[in-house]
Amino acid sequence: MATTDRQTPTLALAHALAAAGRGLPVFPLSATKLPALRSPHRGEQRPAHCRGECGLPGHGVHDATTDPAAVRALFAAAPRASGYGIACGRAPHRLIGIDLDVDPAYGSDAAGALRQLALQHLFTIPPTVTVLTPSGGRHLWLTGPADATVPNSAGRLAPGIDVRGSGGYLVGPGSVTAHGRYRLAPGTAHLTPAPCPRALLRLLTPPPGRTARTGTRPASGTASGSAPGAPATAARRGEGLIQFVLAAHEGQRNTRLFWAACRAYEHGFGDALADALTAAAVRTGLPEHEARAAIASAARLTSGRNEEHGGAA
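Just so it is clear, the structure is predicted and the values come from calculations on it, not from any experiment. (Residues numbered from 1 in each chain as written. Predicted model: local features only at pLDDT ≥ 70, side-chain atom pairs only at ≥ 80, totals over all residues. Heavy atoms only, no water.)

### Here's the deal with the overall build of the protein chain
To keep things clear, this is the line we draw: Where helices and strands are cited, they refer to DSSP runs of H or I of at least four residues and of E of at least two residues respectively, numbered from the N terminus. Only protein chains enter the accessibility calculation, which uses a 1.4 Å probe; a residue is then buried when its area is under 20% of its type maximum, exposed when over 50%, and partly exposed in between. Computed by Shrake-Rupley with a 1.4 Å probe, the accessible areas treat only the displayed protein chains as cover when residues are assessed.
Check the secondary structure of the protein chain and you find 9 helices and 12 strands. A buried classification covers 48% of the 313 residues belonging to the protein chain. In the form shown here, the protein chain has an accessible surface area of approximately 15,200 Å², with 52% of it arising from carbon and sulfur atoms.

Okay, structure coming up:
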C-alpha cells in the first residue's frame with residue numbers, strides 16, 4: 001500500500017499541470033481514485049442533477065479543465081489530493097482508455113483477450129501511451145474521431161478489459177493511490193495517444209439497440225445446458241451464453257463463465273440465468289462452488305463498477 005507525504009499534493013499538481021499542457025482535461029483525485037472535491041449539492045433535499053452549471057467545483061469529471069489557472073484553483077480547494085484524473089472523450093484528443101485489468105479471482109488474461117480480439121477482427125494496437133497500474137495492469141491510451149461517442153464499459157469486450165470513454169476518466173500517471181503509484185511504461189513517455197484502430201472502434205461503439213461483438217461469439221442453438229426451473233424468458237435470451245459456456249475447454253472454463261455471467265447481468269437477467277449457467281459450467285468440469293463464485297463476482301462487478309462519477313480506471 002502506498003504512503004503519502006507532504007510533497008504528494010505538490011507533485012500531483014505538477015503532473016496534472018503537465019498533462020493539461022498537453023491538452024488533457026484534468027481534475028484532482030483522492031487516494032481512493034475518486035474525485036477529491038465533494039459535491040456542492042450534498043445535503044440538499046433534492047440534489048440538482050448538475051454537471052457544473054452552477055459554477056462551483058465538486059462535480060467530478062465535469063470539473064476537468066486544461067486551463068492552468070483553473071487547475072491550480074481546483075487543487076487549492078483539494079489540498080489532500082494525491083493524484084489527478086484525465087477526462088476521456090473530450091476534445092482535442094477525445095481519449096479512449098483501454099484498461100487491461102489483472103484479477104486472479106477470475107483468472108483473467110486481459111492482454112491475451114485483447115490479442116485474440118485483434119487477431120479475429122484484423123487490427124493491431126499501435127505504439128501508444130501506456131500507464132502501468134499498481135495492481136499490475138495497464139492502461140492503453142487511444143484517440144477517437146469527433147463523430148464517435150465511446151461508452152464506458154466493464155468486461156463487455158472480454159473479462160478484465162474495461163473501457164473508459166465519454167463521461168469516464170483515467171487515473172493520470174504520477175498519481176499516488178492507496179494501492180500504489182501510476183506510472184508511464186518504459187519507452188512510451190515520448191509517445192502521443194495513437195488513433196484507435198477502426199475495427200476496434202466498431203467494437204467499442206455498437207449500433208443502437210445492439211451489443212458490441214466480442215472476440216469469441218456465443219453460438220446460437222438450444223439451451224441444452226439450462227437448469228430445471230430457469231424461467232423460460234431468461235433461458236431463451238441466454239441460449240447463446242449457455243452454449244458459449246458449454247463450449248469451454250480446460251483452461252478457459254472460468255473465464256468464459258465469468259464473461260457470460262457479466263453479459264447476463266448487464267442485460268438484467270443474471271439472477272434468473274444463474275442456475276442455468278452454473279449447470280452448464282459444471283458440465284464442462286468446473287466445480288460448482290467455483291462456478292457460483294465466478295457468477296457472484298460478475299454480479300458484483302456489473303452492479304458497482306460504473307455507477308459513481310462516470311467510472312474510473
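### Looking at the pattern of salt bridges
So the rule is basically this: Within this document, salt bridges are pairs made up of a side-chain nitrogen of Lys or Arg and a carboxyl oxygen of Asp or Glu, the two lying within 4 Å of each other.
Here the structure, examined in full by the defined rule, presents 2 salt bridges. The salt bridge partner of R292 is D275, with a shortest N-O separation of 2.8 Å. With R292 in helix α9 (residues 288-304) and D275 in helix α8 (residues 270-283), the pair connects residues that are 17 residues apart, well separated along the chain. R292 is the partner of E288 in a salt bridge, and the nearest nitrogen-oxygen pair spans 3.6 Å. A residue pair is termed a helical-turn pair when its members lie 3 or 4 positions apart in one helix, as E288 and R292 do in helix α9 at 4 residues. Where salt bridges share partners, they join D275, E288 and R292 into one cluster.

### Focus on the confidence of the model for the protein chain
Heads up, the condition is: The predictor's confidence in any single residue is recorded as pLDDT, a number from 0 to 100. Here a residue-residue contact requires only that any non-hydrogen atoms of the pair lie within 4.5 Å.
The predicted model of the protein chain has a mean per-residue pLDDT of 82, with 81% of residues at 70 or higher. The element-level mean pLDDT for the protein chain is lowest in helix α5 (residues 232-237), coming to 50, with strand β4 (residues 130-132) highest at 98. Scored below 50 in pLDDT, residues 210-235 shows 59 contacts in the model against residues more than four places distant or in partner chains. Across residues 305-310, confidence stays below pLDDT 50; counting only partners more than four residues off in sequence or on other chains, it has 19 contacts.

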